[in-house]
Amino acid sequence: NAGVTQTPKFQVLKTGQSMTLQCAQDMNHEYMSWYRQDPGMGLRLIHYSVGAGITDQGEVPNGYNVSRSTTEDFPLRLLSAAPSQTSVYFCASSYRAGGTEAFFGQGTRLTVV
Amino acid sequence: GESVGLHLPTLSVQEGDNSIINCAYSNSASDYFIWYKQESGKGPQFIIDIRSNMDKRQGQRVTVLLNKTVKHLSLQIAATQPGDSAVYFCAENLNTGNQFYFGTGTSLTVIP
């Protein structure tokens, strides 16, 4: 059972470039989310989805877009990368939004130069 | 314990000793709590959870204590091993909510 799979593991972008971070889960979880992790700070929620076709903003959504066309996939798009988006990004999924364990991917380390 | 800020709290313990990691949570309405372990270069990994109708829950070598009066969680690790070296996060959640709120983490170093 693969769990939550993120690609790529590492990425370097130039300012202004766009890219998509991929996230897929094989646990048939309804809830998926994206977090960013910066040094000395906890995980901060970017966007989340409570099911296919439904997405919503988290704490730090600016500069990011998401879509959820299938239960399995939840890609995160950076529209025009900025150095402030240099971070480690984690995708997570859970059976439902509240009251259950979230499973995390291995992370994508993104550097914007 | 955990706190908001730029510096990660650290805890160093001798191998074989018990470790206690503390966390102050923010929302008195939170009713579900998780401790996660994050090793370097990896994603957070579930350790143990507790619901607000409990004060204590035990797992294998780990115990979580919940004090709702002062909004405090603690994680106790018995007979700490070098493999326990990691950053530990607490997370709070509402059963009817739609996101987790994470603490900044505590870095645990086990000295052989």
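Not measured: the values here are computed from a predicted model.

Describing the interface of chain A and chain B
No. 1: Contacts between chain A and chain B engage 20 residues on the former and 23 residues on the latter.
No. 2: Together, the buried faces of chain A and chain B total about 1800 Å²; carbon and sulfur atoms form 52% of this surface.
No. 3: Counting across the interface, chain A meets chain B through 0 salt bridges.
No. 4: Viewed at the interface, chain B and chain A are joined by 5 residue pairs in polar contact (both at pLDDT 80 or more).
No. 5: For the side of chain A that touches chain B, the secondary structure elements donating two or more residues are β4 (31-37) and β5 (43-51) of chain A.
No. 6: For the side of chain A that touches chain B, the residue count by class is 10 nonpolar, 8 polar and 2 charged.

Side note on the sheet that holds strand β5 (residues 56-58) of chain B
Residues and elements named next belong to chain B.
No. 1: Taken together, the 4 strands give an open sheet; going across it, the order is β2-β7-β6-β5, and neighbouring strands pair in antiparallel fashion. What marks the edges here is a single partner per strand, and that holds for β2 (19-24) and β5. Direction aside, neighbouring strands of the sheet carry axes that sit 15° apart on average.
No. 2: Both strand β6 (residues 62-67) and strand β7 (residues 72-77) contribute to a ladder of 6 bridges, which runs antiparallel. When the sheet's bridge partners are listed, V62 is paired in β7 with I77.

Parameters and conventions
Residue positions are counted from 1 within each chain, in the order its sequence is given. Both sets of labels track the order of writing: A upward for chains, 1 upward for ligands. pLDDT decides what is reported in this predicted model: residues at 70 or higher carry local features, side-chain atom pairs at 80 or more are listed and counted, and totals for whole chains, interfaces and linings draw on all residues regardless. As a rule here, side-chain values come from all non-hydrogen atoms in the structure, and water together with hydrogens is ignored. Contacts between residues were defined by any pair of non-hydrogen atoms, one from each residue, lying within 4.5 Å. Using a 1.4 Å probe, buried area is obtained as the accessible area two parts lose upon being combined, added over both of them. Salt bridge, as used here: a side-chain nitrogen of Lys or Arg that lies within 4 Å of a carboxyl oxygen of Asp or Glu. Any N or O atom pair separated by 3.5 Å or less is treated as a polar contact, with the protein-specific requirement of one donor-capable and one acceptor-capable atom, and with residues adjacent in sequence counted only for side-chain atom pairs. Numbering of helices and strands runs from the N terminus, with a helix taken as a DSSP run of H or I at least four residues long and a strand as a DSSP run of E at least two residues long. By the convention adopted, Pro, Cys, Tyr, Trp, Phe, Met, Ile, Leu, Val and Ala count as nonpolar, Lys, Arg, Asp and Glu as charged, and the other residues, Gly among them, as polar. Any two strands with at least two DSSP-identified bridges between them are counted as paired. Under this scheme, a helix contributes an axis fitted over its contacting stretch, all axes are lines through C-alpha atoms, and angles between N-to-C directions fall in the 0 to 180 degree range.

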